[in-house]
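# Reading the structure
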Amino acid sequence: MLQAQAISVEVGGRLLVDGASFTVMPRDKVGIVGRNGAGKTSMFKVLGGAVEPKSGAVLRKGGFGYLPQDPKIDSALDGRSCITHILSGRGIDDALVKIDKLRIAMEENPDERNVTRYINAEEAFRTNGGYSAESEARQMAAGLGIEDERLDQPISTLSGGQRRRIELARILFAGSDVLCLDEPTNHLDIDAKEWLLGFLRQYKGALLVISHDLELLDEAITRVIHLDRASEDAVGEIFEYKGTYTQYKRARADDETRLAKKAILQGKEIDRLQTVVDRFGAKATKAAMAHSVEKRIARLEGERVRGPQSTKSMNVRFPPPPKCGNTVITATGLCKGYGGPSIFEDISFDLGKGERLLVLGLNGAGKTSLLRILAGETTANLGDFTWGYQAHAGYYAQEHDNLMVHESLLDNIRRAVPTEVELTETQLRGLLGMFGLSGEKVFQEAGTLSGGEKTKLALAMLMVGRNNVLLLDEPTNNLDPPSRDAVASALVDWPGAIILVSHDEDFVRELNPTKVLLMPDGDVDYYSEDWLDLVSMA
């Protein structure tokens with residue numbers, strides 16, 4: 001069970017939520033919804049115990065599992081194997097180490113005390129299912145799309161998306177009574193997502209989830225907590241609805257219609273009464289009546305409801321790309337590995353001015369590694385690539401690796417401006433504002449942003465680079481549907497070249513790529529909508 005008791009959430013000196021209270025009981029499956037930047041992730045950090053509330057308290061009963069939007073596995077654990085990390089969810093790894101130490105002590109000195117300690121520890125381990133735990137953990141990892149051979153490799157060899165799935169597997173394997181999951185379907189292919197949906201349907205504990213995956217919100221939840229915070233200066237309010245996400249949308253629309261009507265009627269009545277006060281307030285014979293009417297106005301003002309405020313829609317426009325040669329990039333024989341077998345070999349392709357290359361492949365096929373090579377973030381073990389005449393590439397990293405988390409939004413975008421370009425602070429704030437990052441928020445540290453806001457900041461940083469090639473690795477992750485549509489529309493109209501990794505079927509359809517590069521084989525083909533089935537599996 002999890003209970004929020006009048007919690008207030010503050011970020012960067014700004015109050016996001018004040019006095020929120022709710023309870024999540026066993027078998028409750030709760031989705032937390034709201035626009036990008038409303039404060040969902042900040043509130044979730046408080047619920048998950050990563051951050052203390054400004055006031056109030058969070059009570060948690062039973063085992064507790066928390067998946068943050070950007071989970072970081074301690075670098076000190078990089079040397080442990082993936083399967084060991086998953087097993088640590090139940091303390092199996094520590095139990096095995098303890099049994100091994102007792103075994104060694106028994107072999108060195110087989111007296112009654114050492115033998116008894118070893119037998120008792122081994123028997124308790126067996127009774128608690130310790131010997132079958134690894135098989136169960138491997139099955140769970142397979143459900144999340146983690147190949148069995150990967151589980152025996154060190155965590156340090158994994159990509160960011162693979163690490164996230166390993167951490168999700170550890171949390172689910174732990175068998176917690178309460179789960180708080182922030183965007184759990186990020187980096188999951190369609191099979192892994194279906195497995196996760198099945199797991200959450202059958203989960204008997206208390207579940208809280210943040211997700212922009214509408215299928216998950218419709219299939220896995222039975223209650224919605226809406227965090228309503230219309231602007232950066234507003235304090236959010238909590239509204240609860242029973243049912244799925246679709247049922248919530250209908251109920252929310254009905255509430256907004258009702259509130260809008262009530263707000264109009266209240267406003268008209270207050271205006272009518274104020275007219276009476278203005279007309280008779282100055283007359284001594286009517287002063288008592290006017291005073292009585294003023295009291296009614298004050299009472300109505302105190303009861304006044306706030307009608308629904310329309311959220312500003314994003315209107316994104318990427319700057320025109322500078323002129324360049326007819327061929328923007330040529331890659332020949334690229335090969336990449338991380339100390340073991342190669343992830344991919346002999347990758348060769350070229351891309352013309354204004355063309356769009358969709359990089360496809362299952363998880364672990366090397367899509368992100370390829371884009372990092374092209375972006376200069378890492379090097380290929382073999383092969384080479386060359387940029388065309390006056391080709392300049394901007395890189396969007398799905399893990400937001402290019403953000404300096406302890407610098408402000410303004411400093412981050414200022415750092416991305418080329419040395420030969422001069423942009424004023426007003427112009428930089430205008431670019432951030434295009435993505436809904438405005439006001440005092442631009443002075444916040446980037447590390448305090450939600451995943452959706454980090455995505456918007458990283459995309460805004462591409463705007464200042466004078467790029468004619470964009471390398472985009474899952475650019476719609478964490479974006480709410482209106483923001484995703486705005487970014488898609490902007491890229492559809494942009495005439496530069498794009499190399500794209502995405503599992504978002506609708507996004508890929510809108511961008512209408514020119515070519516497809518299939519990883520890890522390196523096959524290149526012309527794009528058609530027949531490839532969309534593989535997009536959702538990637």
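Keep in mind it's a predicted model, so treat the numbers as computed, not measured.

This part is about the sheet that holds strand β13 (residues 382–387). Within the open sheet, the three strands sit side by side as β11-β10-β13. Their pairing is antiparallel. A strand with exactly one partner marks an edge of an open sheet, and here the two such strands are β11 (342–352) and β13. Strand-to-strand twist of the sheet, defined as the mean angle between neighbouring strand axes without regard to direction, takes the value 10 degrees. Examined bridge by bridge, strand β10 (residues 327–337) and β13 share five bridges and lie antiparallel to one another. Looking at β13, one finds that I329 is bridged to W387. Most of the contacts of helix α11 (residues 367–374) go to β11, to which it runs at about 55 degrees, and overall it touches β10, β11 and β13.

Relative orientation of the contacting elements helix α5 (residues 130–143) and helix α6 (residues 160–173) amounts to 130 degrees, with a least axis distance of 10 Å. It follows from the interaxial angle that α5 and α6 lie oblique. Considering how the two elements wind past one another, α5 and α6 form a crossing that is right-handed. Of the residues in α6, those touching α5 at A133, E136, A137 and M140 are A169, L172 and F173. A class-by-class count of the residues in the contact of α5 with α6 yields six nonpolar, no polar and one charged.

Over its 16 residues, helix α4 (residues 112–127) extends 22 Å from the first C-alpha to the last, a length consistent with the 22 Å expected when each residue adds 1.5 Å. Looking only at α4, the buried set comprises N114, A121, E122 and F125. Each buried residue of α4 lies within a common arc of 95 degrees when the element is viewed along its axis, so the set occupies one face. Exposed side chains of α4 directed beyond 90 degrees from the buried face belong to E112, R113 and T127. In this structure, the buried residues of α4 make contact with α3 (92–108) and α5. Of the residues one or two after α4, G129 is the one with positive phi, at around 75 degrees.

Among the nonpolar cores identified, the biggest contains 48 residues, and F318, I413, L432, L457 and L491 are the most heavily contacted of them. In terms of residue count, the dominant contributor to this core is helix α14 (residues 451–463) (seven residues). In this structure, I92, I155, L179 and Y245 belong to the second largest nonpolar core, which totals 45 residues.

Another point: the sheet that holds strand β1 (residues 2–11). With antiparallel pairing, three strands are arranged side by side in an open sheet as β2-β1-β4. Of all the strands in the sheet, just β2 (14–24) and β4 (55–60) have a single pairing partner and so form its edges. Direction aside, neighbouring strands of the sheet carry axes that sit 25 degrees apart on average. Bridge analysis of β1 against β2 gives seven bridges, and the strand direction is antiparallel.

Within this structure, the stated rule accounts for four cavities of 30 Å³ or more. The space that makes up the largest cavity amounts to roughly 160 Å³. In terms of lining residues, the largest cavity is bounded by 24 residues, among which G37, G39, S42, S450 and E453 are the most central. Residues that form the lining of the largest cavity fall into these classes: five nonpolar, 12 polar and seven charged. In this structure, the second largest cavity spans a volume of roughly 80 Å³. Surrounding the second largest cavity, G145, I146, E147, R150, L158, Q162, R165, I166, N363 and G364 form its lining. Class assignment of the residues belonging to the lining of the second largest cavity gives a composition of three nonpolar, four polar and three charged.

Summed over the entire model, instances satisfying the criterion amount to six aromatic pairs. For the pair W195 and F199, a centre-to-centre distance of 5.6 Å together with 25 degrees between the ring planes defines the contact as stacked. In this pair, W195 and F199 both sit in helix α7 (residues 190–202), four residues apart, roughly one turn of the helix. Residue class for W195 comes out partly exposed when judged on its relative accessible area of 26%. Note on F385 and W387: the rings are 6.0 Å apart at their centroids and 85 degrees apart in plane angle, and the pair reads as edge-to-face. Classification of W387 by relative accessible area gives partly exposed; the value is 29%. Aromatic rings pair up to connect W195, F199 and Y203 into one cluster. Taking the ring centre of F239 as reference, the NZ or CZ of R252 above it sits at 5.0 Å.

Looking at the second largest pocket, its volume works out to about 970 Å³. As for the second largest pocket, its lining consists of 44 residues, of which L158, S159, G160, G161 and E399 are closest to the centre. Among the elements of the structure, α6, α11 and α14 are those that each provide at least two residues to the lining of the second largest pocket. If you tally residues by element for the lining of the second largest pocket, the top one is α6, at six residues.

It is worth spelling out unusual backbone geometry at this point. Backbone torsion omega between M519 and P520 reads 5 degrees, so that peptide bond is classified as cis. By secondary structure assignment, the location of P520 is in the loop between β17 (515–518) and β18 (523–526). One non-glycine residue with positive phi stands out, namely R466, at about 55 degrees. Residue R466 is classed as partly exposed on the basis of its relative accessible area, which comes to 35%.

Note that β17 and β18 share four bridges and pair antiparallel. Bridging from a neighbouring strand, V516 pairs with D525 of β18. The antiparallel hairpin formed by β17 and β18 contains four residues in its connecting segment, where G522 sits at a positive phi of about 90 degrees.

Cut-offs used in this document
Residues numbered from 1 in each chain as written. Predicted model: local features only at pLDDT ≥ 70, side-chain atom pairs only at ≥ 80, totals over all residues. Heavy atoms only, no water. Pairing = 2+ DSSP bridges. Helix = DSSP H or I, 4+ residues; strand = E, 2+ residues; numbered from the N terminus. Axes fitted to C-alpha atoms, helices over the stretch in contact; angles between N-to-C directions. Contact = heavy atoms within 4.5 Å. Parallel < 35°, antiparallel > 145°, perpendicular 65-115°, else oblique. Left-handed = near helix turned anticlockwise from the far one by under 90°. Nonpolar A, V, L, I, M, F, W, Y, C, P; charged D, E, K, R; others polar. Expected span 1.5 Å × (residues − 1). Buried < 20%, exposed > 50% of the residue type's maximum accessible area, 1.4 Å probe, protein only. Arc of directions from axis to C-beta. Core = buried A, V, L, I, M, F, W, Y, C linked by side-chain atoms within 4.5 Å. 1 Å grid on protein atoms, 1.4 Å probe; cavity = no way out; pocket = protein on both sides within 12 Å on 5 of 7 lines; lining within 4 Å. Points joined across faces, edges and corners; volume = space filled by probe spheres on them. Phe/Tyr/Trp six-rings, centres within 6.5 Å; stacked < 30°, edge-to-face > 60°. Lys NZ or Arg CZ within 6 Å of the ring centre and 35° of its normal.

On their own, these measurements won't tell you what the molecule is for.
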